[in-house]
Amino acid sequence: VLVVDDTPFNLRTMEAKLKQLFKNVQIVTASNGKEALELLNEKIGRGEKIDFILMDCNMPIMDGYQCCQEIKKRVQIKKWPDVPIIAVTAFAGEYEKDKCLQNGFDEYISKPFSQEALKKLCLLYTSDAADDLLCVDLGGRRIIKKK
């Protein structure tokens, strides 16, 4: 899992929540979109898999919107595998959610969020979910069932 946020407290909080949810999770962090792209380039170049990305939307140097668009461009030209990107933002509401989805994010969660909300979202994308859930994608709709 790649966590991208410019606030050290938010990085530590998300990292702690993920470690509580998934015992074998491997987490890498970046403090802005530019760092995230560099890190992804290294990881993908070495054949390492990133299950999903939790990315803050508003960061210096390169924000989450720009970074998400860059990642999706590289996926589109088949330079990188598709990696689900979850927008993490302090702004709540339909406008913000729509803005995130229109900029290429796959999912959206607003801060502060509960452990349970993060778990439900992460289980859509993490490899650890296979032990607990069966995720089926039906024409863009994800159906989650207990095994």
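Residues numbered from 1 in each chain as written. Predicted model: local features only at pLDDT ≥ 70, side-chain atom pairs only at ≥ 80, totals over all residues. Heavy atoms only, no water.

## Let's talk about helix α1 (residues 8-21)
The criterion, for reference: Counting from the N terminus, the helices are the DSSP runs of H or I reaching at least four residues and the strands are the DSSP runs of E reaching at least two. The span one expects for a helix is its residue count, reduced by one, times 1.5 Å. Any residue under 20% of the maximum accessible area for its type is buried, any over 50% is exposed, and the rest in between are partly exposed; the area is computed with a 1.4 Å probe on protein chains only. Picture the helix axis, draw a direction to every C-beta atom, and the arc is the one those directions span. The contact rule is simple, with two residues in contact once any of their heavy atoms fall within 4.5 Å.
In this model, α1 (14 residues) spans 20 Å end to end at C-alpha, consistent with the 20 Å of a helix rising 1.5 Å per residue. By the burial criterion, the buried members of α1 are N10, L11, M14, K17, L18 and L21. Mapping the buried residues of α1 onto a view down its axis gives an arc of 135 degrees, with all of them on the same face. Seen from the buried face of α1, the exposed residues on the opposite side, beyond 90 degrees, are F9, R12 and Q20. Where the residues of α1 are buried, they touch β1 (2-4), β2 (28-30), β3 (53-56), β4 (85-89) and α5 (115-122).

## A word on the pattern of salt bridges
Quick reminder of the rule: By salt bridge we mean one thing: a side-chain nitrogen of Lys or Arg within 4 Å of a carboxyl oxygen of Asp or Glu.
Counted under the stated rule, the structure contains 11 salt bridges. Between E70 and R74 there is a salt bridge; the shortest N-O distance is 4.0 Å. Of this pair, E70 and R74 both sit in helix α3 (residues 64-76), separated by four residues, roughly a single helical turn. Owing to a relative accessible area of 24%, E70 belongs among the partly exposed residues under this scheme. Residues joined in a network through salt bridges with shared partners are D5, D56 and K111.

## Comments concerning the sheet that holds β4
Condition: Criterion used throughout: strands pair if DSSP finds at least two bridges between them. Note on geometry: axes are C-alpha line fits, over the in-contact stretch for helices, and angles between N-to-C directions span 0 to 180 degrees.
Here five strands make up an open sheet; going across it, the order is β2-β1-β3-β4-β5 and the pairing parallel. Unpaired on one side and paired on the other, β2 and β5 (107-110) mark the two borders of the sheet. With strand direction ignored, the average angle separating the axes of adjacent strands in the sheet is 20 degrees. Judged from the three bridges that link them, β1 and β2 form a sheet pairing that is parallel. Within β2, the residue paired with V4 across the bridge is A30.

Functional significance is not addressed by these values, which are geometric in nature.
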